[in-house]
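Observations on the three-dimensional arrangement
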Amino acid sequence: MREAVLPLDAIRRPLERVLDEAKVARLVEAIAAEGQKEPIDVLEVDGQLWGFNGCHRVAAHERLGLTTIRARVRRANREVLRMHML
């Protein structure tokens, strides 16, 4: 696993997000003041990036107009990707 700063638009997010707007608002304030504390987790499968967690952090970054996000990137195969899609 490696940590990287990734373009938000390069991360595919196949699952529908259900957001707690109060949580997003708190994260917007915190990230604006202190930066991102905890990276999101991303799978890299065949050169493509897939995100399944961190939807509130991603939403906060988007609302702040940020184009990148810190992430822990783990290489995986298609079978692991399929398991995350269930």
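Preceding block: the structure.
Each chain carries its own residue numbering, running from 1 in the written order of its sequence. Local features in this predicted model are restricted to residues of pLDDT 70 or higher, and side-chain atom pairs are both shown and tallied only at a pLDDT of 80 or more, whereas totals for entire chains, interfaces and linings draw on every residue. As a rule here, side-chain values cover all heavy atoms of the structure and leave hydrogens and water aside.

Definition used in this section: a nonpolar core is a set of buried Ala, Val, Leu, Ile, Met, Phe, Trp, Tyr and Cys residues joined via side-chain atoms within 4.5 Å. Relative accessibility under 20% of the residue-type maximum defines a buried residue, over 50% an exposed one, and the middle range a partly exposed one, all with a 1.4 Å probe and only protein chains included. Residues Ala4, Leu6, Leu8, Ile11, Ile40, Val42, Leu49, Val58, Ile69, Ala71 and Val73 constitute the largest nonpolar core, which totals eleven residues. A run of H or I in DSSP counts as a helix once it spans at least four residues, and a run of E counts as a strand once it spans at least two, with each numbered from the N terminus. Put simply, the parts of the chain that give this core at least two residues each are strand S1 (2–7), strand S3 (40–45) and strand S5 (68–75). Looking at this core, the element that brings in the most residues is S5, giving three residues. By definition in these notes, contact holds between two residues if any of their heavy atoms fall within 4.5 Å. Ignoring sequence-local partners within four residues, the contact set of Ile40 consists of Ile11, Asn53, Gly54, Arg57, Val58, Ile69, Arg70, Ala71 and Arg72. The next biggest cluster of nonpolar side chains, apart from the first, holds six residues, and it includes Val45, Trp50, Ala76 and Leu81.

Let us look at helix H2 (residues 55–63). Counting buried positions along H2 yields seven of nine residues, so the element is predominantly enclosed. Against the buried residues of H2 lie helix H1 (21–34), S3 and S5. Gly65, located one to two residues past H2, shows a positive phi value of around 80 degrees.

Attention shifts here to the side chain of Gln36. Relative to the helices and strands, Gln36 resides in the loop between H1 and S3. Assessed through its relative accessible area of 13%, Gln36 is described here as buried. A distance of 3.3 Å separates polar atoms of two side chains, one belonging to Gln36 and the other to His61. Within 3.5 Å is the distance limit for a polar contact, defined as a pair of N or O atoms, with the added protein rule that one can donate a hydrogen and the other accept it, and that residues adjacent in sequence qualify only through two side-chain atoms.

Take the pattern of salt bridges next. Between Lys or Arg on one side and Asp or Glu on the other, a salt bridge is scored when a side-chain nitrogen of the former is within 4 Å of a carboxyl oxygen of the latter. Throughout the structure, instances matching the rule amount to ten salt bridges. One salt bridge connects Glu21 with Arg63, and the closest N-O pair in it is separated by 2.6 Å. Of this pair, Glu21 sits in helix H1 while Arg63 sits in helix H2, and the two are 42 residues apart along the sequence. On the accessibility criterion, Glu21 (44% relative accessible area) is partly exposed. Of the charged contacts in the structure, one is a salt bridge between Asp41 and Arg72, with a shortest N-O distance of 2.7 Å. Linking Asp41 in strand S3 with Arg72 in strand S5, this pair joins segments that are 31 residues apart in sequence. Several salt bridges converge on common partners, so that one network encompasses Arg2, Glu44 and Arg75.

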